[in-house]
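# Coordinates in review
Spelled out, the chains give:
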Amino acid sequence: MLFKNILKKFTSLIVALVTSVLFAAPAYASKIGDSKLAKGTENLANDASTWLLFIAPIVGGCFIVYFFIRRSGADEMDQKKWNNRITTAIISTIGAVIGISLLSIVLSYYQ
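Nothing here was measured: the structure is a model prediction, and the numbers come from that model.

With that settled, the discussion passes to helix α3 (residues 76-108). Helix length check: α3 (33 residues) gives 48 Å between terminal C-alpha atoms against 48 Å at 1.5 Å per residue, within 8%. All of the buried residues in α3 are Trp-82, Ile-86, Ala-89, Thr-93, Ile-100 and Leu-107. Looking at the buried residues of α3, the elements they touch are α2 (36-72).

Have a look at this one:
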């Protein structure tokens, strides 16, 4: 008997909460996307992605050239390590360019 009363009160509470949430109108709704902070952050992200798209291949290319120079002066054992570093630098540069390009594509949808 006690369990039935508790269950009945609990279900009425849940129904009341769900009903109030579904039919409640927001008292005040501000547009965050139109604020100066949101627009400034969006512009900053667009500018940063544009600069990074040009800087990433240049920095990656510099590292690759440096690793080739170091590999040419290394002995046979160290050449394997420099080959691994060159491969890692190439993959990282390609990954950076692809990541920045995807970021630019995603950000272009918010304009």
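Having seen it, we continue.
On to the side chain of Ser-49, then. One can find Ser-49 in helix α2. For Ser-49, the contacting residues outside a window of four places in its chain are Ile-100, Leu-103, Ser-104 and Leu-107.

Here we take up the environment of Phe-3. Following the sequence through the fold, Phe-3 ends up in helix α1 (residues 2-23). A relative accessible area of 63% means that Phe-3 is categorised as exposed. On a C-alpha basis, the gap between Phe-3 and Leu-22 in space is 28 Å, while along the polypeptide they are 19 residues apart.

For the protein, the mean per-residue pLDDT works out to 85, and 91% of the residues sit at or above 70. Ranking the helices and strands of the protein by mean pLDDT puts α3 first, with 91, and α1 last, with 79.

Rules behind the numbers
Residues numbered from 1 in each chain as written. Predicted model: local features only at pLDDT ≥ 70, side-chain atom pairs only at ≥ 80, totals over all residues. Heavy atoms only, no water. Helix = DSSP H or I, 4+ residues; strand = E, 2+ residues; numbered from the N terminus. Expected span 1.5 Å × (residues − 1). Buried < 20%, exposed > 50% of the residue type's maximum accessible area, 1.4 Å probe, protein only. Contact = heavy atoms within 4.5 Å. pLDDT = per-residue confidence, 0-100.

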